[in-house]
Amino acid sequence: QVQLVESGGGLVQAGGSLSLSCAASGRTFSGYDMAWFRQAPGKEREFLGIIMWSGGRTYYSDSVKGRFTISRDNAKNTVYLQMNSLKPEDTAVYYCAAGWPKSVNYYSLKRYDYWGQGTQVTVSS
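Computed from a predicted structure; not experimentally measured.

Let's shift gears to the state of the cysteines. Evaluated as defined, the whole model comprises one disulfide. With a sulfur-sulfur separation of 1.9 Å, Cys22 is cross-linked through a disulfide to Cys96. Across the disulfide from Cys22 to Cys96, rotation about the S-S bond amounts to roughly 55°, and the bridge is consequently right-handed. Taken as a pair, Cys22 in strand β3 (residues 18-26) and Cys96 in strand β9 (residues 92-99) lie far apart in primary sequence, 74 residues in all. Taken as a pair, Cys22 and Cys96 share a single burial class, namely buried.

Structure below.
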């Protein structure tokens, strides 16, 4: 089992920045690809980006590319989401997820084996 705990959410004005953290515990962090998703009220959970265990490559959705950056510190078992130029439409609950590499599109929720409980991000206009 891998336990994931997100932190860093809160209220920010449009145009501002916020940094989220996701701390992993339990089984080793090693080998897992780590992703961030978000879910706004009444909407499906949306893929934001992923950072691969192998090589540290990152991929982002078009909605956040150029504004959000994912990084990871394997020594601290932590993955980060730096969010810049925030917009009111970025308001959502943000989740991190861990997935052992498998042949499933990284946009798919099915790729991920463990989820955090989420942290609320609210962007005011």
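Let's pick the thread back up.
This part is about the pairing of β9. By the criterion of burial, β9 is predominantly enclosed, with seven of the eight residues buried. Inspection of the sheet shows strand β4 (residues 33-39) paired to β9 by seven bridges, in the antiparallel sense. Each residue of the ladder has a partner; that of Asp33, found in β9, is Gly99. Both β9 and strand β11 (residues 119-124) contribute to a ladder of three bridges, which runs antiparallel. Among the inter-strand pairings, Val93 is bridged to a residue of β11, identified as Gln120.

With that out of the way, let us pick up the pattern of salt bridges. Taken as a whole and judged by the stated rule, the model has six salt bridges. Where Arg38 meets Glu46, a salt bridge forms, and the shortest distance between an N and an O atom there is 2.8 Å. Taking the shortest distance from any N to any O, the salt bridge between Lys65 and Asp62 comes out at 3.3 Å. Residues joined in a network through salt bridges with shared partners are Arg38, Glu46, Arg67 and Asp90.

Cut-offs and rules
For every chain, the first residue of its written sequence is number 1, and the numbers climb from 1 along that sequence. In view of the model being predicted, local features appear only for residues whose pLDDT reaches at least 70, and side-chain atom pairs are presented and counted only at 80 or more, with totals across whole chains, interfaces and linings using the full set of residues. For the side-chain quantities, the full set of heavy atoms in the structure was used; hydrogens and water were omitted. Two cysteine sulfur atoms make up a disulfide if the distance between them is within 2.5 Å. Numbered from the N terminus, helices here are DSSP runs of H or I no shorter than four residues, and strands are runs of E no shorter than two. Residue exposure (1.4 Å probe, protein chains only): buried if accessible area is under 20% of the type maximum, exposed if over 50%, otherwise partly exposed. Strand pairing is defined by DSSP finding a minimum of two bridges between the two strands. Whenever Lys or Arg places a side-chain nitrogen within 4 Å of a carboxyl oxygen from Asp or Glu, that contact is recorded as a salt bridge.

All we've got here are geometric facts, nothing functional implied.
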